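# Commentary on secondary and tertiary structure
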Protein chains: 2
Amino acid sequence: MESICFHFTSYISILRKGEVDIVTKTNNRVNILKAAAGIVREQGILALTLEAAASKAGVSKGGLLHYFPSKEKLIQGLVEHLNDSYVHNIRESVKNDQIKTGRWTRSFIQETNEQLINNQELNAGMLAALAVNPELLRPFQDAYQEWQKSMEEDGLNKVNATILRLAADGLWLSELFGLAPLEDDERQNVLEKLIKLSKEDFG
Amino acid sequence: MESICFHFTSYISILRKGEVDIVTKTNNRVNILKAAAGIVREQGILALTLEAAASKAGVSKGGLLHYFPSKEKLIQGLVEHLNDSYVHNIRESVKNDQIKTGRWTRSFIQETNEQLINNQELNAGMLAALAVNPELLRPFQDAYQEWQKSMEEDGLNKVNATILRLAADGLWLSELFGLAPLEDDERQNVLEKLIKLSKEDFG
DNA sequence: CATAACATACCGTCCAGACGGTTTTTTTGT
DNA sequence: ACAAAAAAACCGTCTGGACGGTATGTTATG
């Protein structure tokens, strides 16, 4: 009963609808990751201790250490978990985009925005990784490198595509640090313009 | 007398290399801030201890605590120091820009890029603040709010100006996390285009 | 009965901050 | 002009608690 519930929530974060989740045993593992991300989001990186994460996930410290034998492994697990979801969603979005020109750029913009709104855990993962060991960011960096390449070969002027990509990243930064984050309607306007610009050439 | 000293040392961090360091007896307060930023940059936030910062700055722990009575005050000092410089430089840049249209946007883009290249201490300060207490980011957030307002009243289309601003921020994010950071020449191209776009309307 | 999935107890280290100094600079009284 | 007083700058140790990680359990499951 409970396992079904947890199963469902973990399934949402990794897979989009339609997939079958074969791994049913990982619910506590995912619970721990979510707890860790939550702590970072709500109280900052320095508040992320093994005990705190375990307690919030409803397991003992020993239980946590069973899945993640060190703090670094915990963060690594978090990063990989989030990265999988990010990568997967963008790929899906590209697949569903009918227009060929700028589809990678468009998908990137949309999914980045999506993550900001519905999944601030991404911030938590990035910050935790940066704090503990920047090497842990590698999966993200690799994924980005790929995306950047795809966007440059997307049928748009290279510089233009890069500017659009950076604008989406800027949206992220502004949320991350609370640096003049956009109002909802203003962000909507910006988003629409970015999407529009991803279909034509400008400047 | 003392105020002059502070004035000068704060200038050291504002002026770029090539200037003469008149103040031979450098202010220890500023030394400590630089040391703290350096540690965060090189070894991450978790390596920032009072002892480490003191030692790197060449003072004792007691000496550090004389200037900054707590770790939080230390980070606060760091943030304020960096923010002062940032604000000052943008204001100067605006003053020196002959073209009226988009001068705030242009200055923002250029100075943000400048900070990224020559003063990665900014990253250190932001991350440290976020780690210790997000409230410490307030000065930056306030400054950004002001800039955003200025950019929106800069003679450009509001959405366009915001996109340019976000692109500059994206440049920052990409460096911060190493997410497909641009090659030097590519960044130059992007920068030039952003500057160009800040003089006309596009899209 | 073997292994995964936890829990409990405990250890060693690290670090923030307190505290009680000493030295140097500045101010003040004369 | 100068000593005395005050204040600012700086030093080094100590401690109590937090935290990462280990070691050793116990329970469920297949």
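Look up: the structure comes first, before these words.
These lines cover the structure that appears in this document, whether it is placed above or below. Every residue gets a number counted from 1 within its own chain, in the order that chain's sequence is written. Chains carry letters from A onward and ligands carry numbers from 1 onward, assigned in written order. The predicted nature of this model means local features are confined to residues of pLDDT at least 70 and side-chain atom pairs, given and counted, to a pLDDT of 80 or more, with totals for whole chains, interfaces and linings taken over all residues. For side-chain calculations, the full set of non-hydrogen atoms in the structure is used, while hydrogens and water are omitted.

Further remarks concern the protein's contact with DNA strand C. If a single non-hydrogen atom of a residue is within 4 Å of a molecule or strand, that residue counts as near it. Looking at DNA strand C, the residues that line it are N28, V59, S60, G62, H66 and Y67 of chain A together with L48, T49, L50, K61, S70 and K71 of chain B. When the atoms of DNA strand C within 4 Å of the protein are sorted by group, sugar and phosphate make up 59%. One nitrogen or oxygen atom from the main chain of S60 of chain A is found 2.3 Å from a phosphate oxygen belonging to DNA strand C. At 3.0 Å, a backbone N or O of L50 of chain B approaches a phosphate oxygen of DNA strand C. Sorting elements by how many residues they give to the surface near DNA strand C places helix 4 (residues 61–67) of chain A first, with three residues. By the criterion applied in these results, polar contacts are pairs of N or O atoms within 3.5 Å in which, for protein atoms, one can donate a hydrogen and the other can accept it, and in which residues neighboring in sequence qualify only through two side-chain atoms. Numbering of helices and strands runs from the N terminus, with a helix taken as a DSSP run of H or I at least four residues long and a strand as a DSSP run of E at least two residues long.

Contact residues are listed per partner, giving 44 residues for chain A and 43 residues for chain B. Once two parts are joined, some of their accessible surface, as seen by a 1.4 Å probe, is lost; buried area is that loss totalled over both. For the pair chain A and chain B, the summed buried area comes to about 3,900 Å², and 77% of that belongs to carbon and sulfur atoms. Only one rule defines a salt bridge in this text: a Lys or Arg side-chain nitrogen within 4 Å of an Asp or Glu carboxyl oxygen. At the surface where chain A touches chain B, the tally comes to one salt bridge. Note that E186 of chain B is salt-bridged to K158 of chain A, the shortest N-O span being 4.0 Å. Note on definitions: a residue-residue contact is assigned when non-hydrogen atoms from the two residues lie within 4.5 Å.

Residues and elements named next belong to chain B. Two rings from Phe, Tyr or Trp (for Trp, the six-membered ring) form a pair when their centres sit within 6.5 Å of each other. Planes less than 30 degrees apart are called stacked, planes more than 60 degrees apart edge-to-face, and all others tilted. All told, the structure shown has 13 aromatic pairs over all chains when counted by the stated rule. Judged by centre distance (5.5 Å) and plane angle (85°), the rings of F108 and Y144 are edge-to-face. One end of the pair, F108, is in helix 6 (residues 103–118); the other, Y144, is in helix 8 (residues 138–152), and 36 residues separate them in sequence. Both residues of the pair, F108 and Y144, belong to the buried class. Any residue under 20% of the maximum accessible area for its type is buried, any over 50% is exposed, and the rest in between are partly exposed; the area is computed with a 1.4 Å probe on protein chains only.

A word on unusual backbone geometry. All names here are of chain A. Notably, A180 is not glycine yet its phi reads approximately 45°, a positive angle. Along the chain, A180 falls in the loop between helix 9 (158–177) and helix 10 (184–197). Since its relative accessible area comes to 2%, A180 is described here as buried.

Looking now at the packing of helix 2 (residues 27–43) of chain A against helix 7 (residues 121–132) of chain A. All names here are of chain A. The angle between two axes is taken between their N-to-C directions and runs from 0 to 180 degrees, where each axis is a line fitted to C-alpha atoms and a helix contributes only its stretch in contact. Remark: helix 2 packs on helix 7, axes separated minimally by 8 Å, with the N-to-C direction vectors making an angle of 85°. Classified by the angle their axes make, helix 2 and helix 7 are roughly perpendicular. Residues K34, A37, V40 and R41 of helix 2 touch helix 7, and the partners they reach there are E121, A124 and A128. Taken together, the residues of the contact of helix 2 with helix 7 sort by class into four nonpolar, no polar and three charged. Should an angle fall under 35 degrees it is called roughly parallel, over 145 degrees roughly antiparallel, and 65 to 115 degrees roughly perpendicular, with every other angle called oblique. Each residue is assigned to one class: nonpolar for Ala, Val, Leu, Ile, Met, Phe, Trp, Tyr, Cys and Pro, charged for Asp, Glu, Lys and Arg, and polar for all the others, Gly among them.

Superposing copies: least-squares fit, C-alpha atoms only, residues required to have pLDDT of at least 70 in both. Taken as rigid bodies, chain A and chain B are interconverted by a rotation of 180° and an axial shift of 0.1 Å, the fit giving an RMSD of 0.1 Å. A rotation of that kind, with that shift, is consistent with a two-fold axis.

The subject of this paragraph is the protein's contact with DNA strand D. In the region of DNA strand D, 15 residues are neighbours, and L50, K61 and K71 of chain A together with S60 and Y67 of chain B sit closest. When atoms of DNA strand D within 4 Å of the protein are sorted by moiety, sugar and phosphate together comprise 55%. Measuring from a phosphate oxygen of DNA strand D, one finds a backbone N or O atom of S60 of chain B at 2.7 Å. H66 of chain B places a side-chain nitrogen or oxygen 3.2 Å from a phosphate oxygen of DNA strand D. Elements supplying a minimum of two residues to the surface near DNA strand D: helix 4 of chain A together with helix 4 (61–67) of chain B. Examining the composition of the surface near DNA strand D, we find that four residues originate from one element, helix 4 of chain B, more than from any other. Of the residues assigned to the surface near DNA strand D, the class counts are five nonpolar, seven polar and three charged.

Take the residue count of a helix, subtract one, and multiply by 1.5 Å to get its expected span. Along its 14 residues, helix 10 (residues 184–197) of chain B runs 20 Å from first to last C-alpha, staying within 8% of the 20 Å computed at 1.5 Å per residue. Those residues of helix 10 of chain B not exposed but buried are E186, R187, V190, L191, K193, L194, I195 and L197 of chain B. Residues of helix 10 of chain B that are buried sit in contact with helix 9 of chain A together with helix 6 and helix 9 (158–177) of chain B.

Let us look at the side chain of R187 of chain A. All names here are of chain A. Counting through the fold element by element, R187 comes out in helix 10. What makes R187 buried here is its relative accessible area of 10%. With residues near it in sequence (within four places) discarded, R187 still touches N113, I117, L171, E175 and L182.

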